[in-house]
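For reference, the chains in residue letters:
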Amino acid sequence: MFVRYLLILFLCGQYATAQPYYTRVRGAFGADAFGLAPRGAIAAEAAFGYLKKSFWDVQGGLGFMTRNDFRSPTLSAALTHCLILNPYKRKSCIPQPGRYLVEGYFEAGLGAFMVDRYDDGLYRARSRQRLLTPSGVAGFRFHLVSRKWIYMLKLRYTPPLLRNALASHAGVGVGVGWR
């Protein structure tokens, strides 16, 4: 219960950050290990809804998981709000060479993953896996900004909101984005 209220507090606290501008990301591709996807996924994301100190991000991923008694393709998705955390101020959104190369964000939102729960039903007894498992998302993301690309690292805590034995509670993601 405490984690849910903490997520709401961070989503509403966008005016408490210090850096007035950041490098805008149009889109990105990457890979996630654990986190929203039970084992891993190839992901694409797009940012939108830019405000002065924050933006919204939507992510979708496609993966595959295997266990002793269950195997299935997975689909994962997330909608997050990212707040800039860097303690410096600057006037331009375009990074200067050698300055402001790393941008840090706090990220919070909701996500889910979906599995094909009838995948093993043809050969064995039907699995009782949940079709859709929603999760909370809270974590940090770091952008290494170069002249052409934006390299991303995401560290996430993803507690499932409904009990599922397949769900991961934390994960990491890497990606490459463009402006």
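The structure we're discussing is the one just above.
Every chain's residues receive numbers from 1 upward, in the order its sequence appears when written. Reporting in this predicted model follows two pLDDT cut-offs: at least 70 for local features of residues, and 80 or more for side-chain atom pairs to be given and counted; totals over whole chains, interfaces and linings ignore these cut-offs and use all residues. Water and hydrogen atoms play no part in the side-chain values, which are based on all heavy atoms of the structure.

A. The overall build of the protein, seen in detail. Here a strand is any run of E in DSSP of at least two residues, a helix any run of H or I of at least four, and the numbering for each starts at the N terminus. Across its full length, the protein carries one helix and eight strands. The order of helices and strands in the protein, counted from the N terminus, is α-β-β-β-β-β-β-β-β. Type-normalised accessible area, obtained with a 1.4 Å probe on protein chains alone, sets the label of each residue: buried when under 20%, exposed when over 50%, and partly exposed for intermediate values. Here the protein, with 179 residues, has 45% of them falling under the buried criterion. Contacts between residues were defined by any pair of non-hydrogen atoms, one from each residue, lying within 4.5 Å. The contacts in the protein between residues at least 6 apart in sequence include a share of 62% that link residues at least 24 apart. Split by element, the accessible area of the protein, about 10100 Å² in all, is 66% carbon and sulfur. Exposure was quantified through the Shrake-Rupley algorithm and a 1.4 Å probe, taking into account, for residues, occlusion by the shown protein chains and nothing else.

B. Spatial organisation of the pattern of salt bridges. Each salt bridge in this description consists of a side-chain nitrogen of Lys or Arg and a carboxyl oxygen of Asp or Glu lying within 4 Å of one another. Counted according to the given criterion, the structure contains five salt bridges. Between Glu-45 and Arg-141 there is a salt bridge, with the nearest N and O atoms lying 2.7 Å from each other. In this pair, Glu-45 sits in strand β2 (residues 40-48) while Arg-141 sits in strand β6 (residues 132-145), placing the two residues 96 residues apart along the sequence. Here the two residues Glu-45 and Arg-141 agree in accessibility, since each one is buried.

C. Spotlight on the side chain of Arg-156. Relative to the helices and strands, Arg-156 is located in strand β7 (residues 150-157). Engagement of the side chain of Arg-156 in a polar contact is seen with the side chain of Gln-59, the distance being 3.0 Å. Other than its neighbours up to four places away in sequence, Arg-156 contacts Leu-36, Gln-59, Thr-80, Glu-107, Val-137, Ala-138, Gly-139, His-169, Ala-170 and Gly-171. Under this definition, polar contacts are N or O atom pairs within 3.5 Å; protein pairs additionally need one hydrogen-donor-capable and one acceptor-capable atom, and for neighbouring residues in sequence, both atoms have to be side-chain atoms.

D. Region of the structure containing the packing of aromatic side chains. Aromatic contacts are taken between Phe, Tyr and Trp rings whose centres are within 6.5 Å, Trp giving its six-membered ring; a plane angle under 30 degrees counts as stacked, one over 60 as edge-to-face, and the others as tilted. All chains considered together, the criterion is met by four aromatic pairs. With a centroid separation of 5.5 Å and 35° between ring planes, the pair formed by Tyr-50 and Phe-55 is classed as tilted. Considering the side-chain rings of Phe-106 and Phe-140, the 5.8 Å spacing of their centres and the 70° angle between planes classify their relative orientation as edge-to-face. Remark: Phe-140 occurs in strand β6 and Phe-106 occurs in strand β5 (residues 102-115); sequence separation between them is 34 residues. Feature note: the residues Tyr-50, Phe-55 and Tyr-105 constitute an aromatic cluster, connected by ring pairs.

E. Region of the structure containing the nonpolar core. Each nonpolar core is a collection of buried residues, namely Ala, Val, Leu, Ile, Met, Phe, Trp, Tyr and Cys, held together in the definition by side-chain atoms within 4.5 Å. Membership of the largest hydrophobic core is limited to six residues, which are Met-65, Phe-70, Phe-113, Val-115, Leu-166 and Ala-167. Counting residues in each nonpolar core, the second largest holds five residues, with Phe-55, Cys-82, Ile-84 and Tyr-105 among its members.

F. Geometry of the sheet that holds strand β3 (residues 54-66). We treat two strands as partners when DSSP finds at least two bridges between them. On the basis of which strands lie adjacent, the closed barrel formed by eight strands has the order β1-β2-β3-β4-β5-β6-β7-β8 and antiparallel pairing. Recorded for the sheet is a direction-independent mean angle of 25° between the axes of neighbouring strands. Pairing geometry for β5 and β6, over 13 bridges, is antiparallel. Bridging across to β6, Val-102 finds its partner in Leu-144. A fitted line through C-alpha atoms represents every axis, and for helices the fit uses only the stretch in contact; the resulting angles, taken between N-to-C directions, go from 0 to 180 degrees.

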